[in-house]
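Examination of the molecular architecture
Here is how the chains run, residue by residue.
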Amino acid sequence: MKSVIVAVTGATGSLYPVRLMERLGRMKDVHIHLVISGWAEKVMMEETGKSVNEWLGGFEHERIEVHAHEDLAAPISSGSVDVDAMVVIPCSMGTLGAIANGLSSNLIERAASVTLKERRQLILVARETPLSSIHLQNMLTLSNCGAMILPPIPSFYCHPETVDDIIDSTIDRVLLSLQLSDTHIKRWRK
Ligand SMILES: Cc1cc2nc3c(=O)[nH]c(=O)nc-3n(C[C@H](O)[C@H](O)[C@H](O)COP(=O)(O)O)c2cc1C
């Protein structure tokens, strides 16, 4: 059983975590810890017209634990809990900057800090454009600490035809990085 933290922050791209959860949720050997920031909830409502509960409510079963953003006493606040990897999707520049500077003022920042200190896999689906030098420096700091910066940039060589195809091209990269695969994954073939 692989244990993955999925953290959702208030950058644009609410459909990315929804799709990641759909695909991870179907993998019988994956346990998910889910944390959603307050701004992620607002952006999700703005972009989809649906609340987080409407989108993600269907996923609450025994393999998915939902933690409150402000709950610094949640199990994933501690390095002693059995977790393999963490994905922040999408990752706002605010949260990315906080992680790069070692802040732990909410559960996403704390869990990311724990992930780095325990030398576990941290994937940041960082979303902003254009990028300032501060954003780039924070990304370099995190990359130097072992985090993977994986911006949601689609690949067009798979000929996406729908928004779902574009979303899936990023989710494929996240799952491959986690060494998890499902039947949706499209790989480049000439
Ligand atoms: C509709 C909308 C879209 C946003 N898109 C982005 C974005 O793409 N990248 C980003 O860094 N912040 C974006 N923001 C700003 C973040 O929501 C804001 O910085 C917030 O404080 C992030 O908090 P969090 O990281 O705790 O979720 C957006 C805000 C709104 C309302």
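Residues numbered from 1 in each chain as written. Predicted model: local features only at pLDDT ≥ 70, side-chain atom pairs only at ≥ 80, totals over all residues.

**Remarks on the site of the ligand**
Surrounding the ligand, one finds 16 residues, the nearest of these being Thr-9, Gly-10, Ala-11, Ser-37 and Met-93. Put simply, the parts of the chain that give the shell around the ligand at least two residues each are α2 (38-48) and α4 (93-100). Here the element with the most residues in the shell around the ligand is α2; it accounts for five residues. For the shell around the ligand, a count of residues per class yields five nonpolar, seven polar and four charged. (Near = placed C-beta within 6 Å. Helix = DSSP H or I, 4+ residues; strand = E, 2+ residues; numbered from the N terminus. Nonpolar A, V, L, I, M, F, W, Y, C, P; charged D, E, K, R; others polar.)

**A closer look at the nonpolar core**
Grouped together as the largest cluster of nonpolar side chains are 49 residues, with contacts concentrated most on Val-6, Val-87, Val-88, Ile-89, Ala-111, Leu-124 and Val-125. Setting aside residues no more than four positions away along its own chain, Ile-89 makes contact with Val-6, Val-8, Tyr-16, Pro-17, Leu-20, Val-125 and Val-174. (Core = buried A, V, L, I, M, F, W, Y, C linked by C-beta atoms within 7 Å. Buried ≥ 20, exposed ≤ 12 C-beta atoms within 10 Å, placed from the backbone. Contact = placed C-beta atoms within 7 Å.)

**Regarding the sheet that holds strand β1 (residues 2-8)**
Strand order in the open sheet made by the six strands is β3-β2-β1-β4-β5-β6, with parallel pairing throughout. Looking at the sheet topology across the chains shown, the edges are occupied by β3 (64-67) and β6 (148-149). The pairing of strand β4 (residues 85-91) with strand β5 (residues 121-126) spans five bridges and is classified as parallel. Opposite Val-87, over in β5, you have Ile-123 as the bridge partner. (Pairing = 2+ DSSP bridges.)

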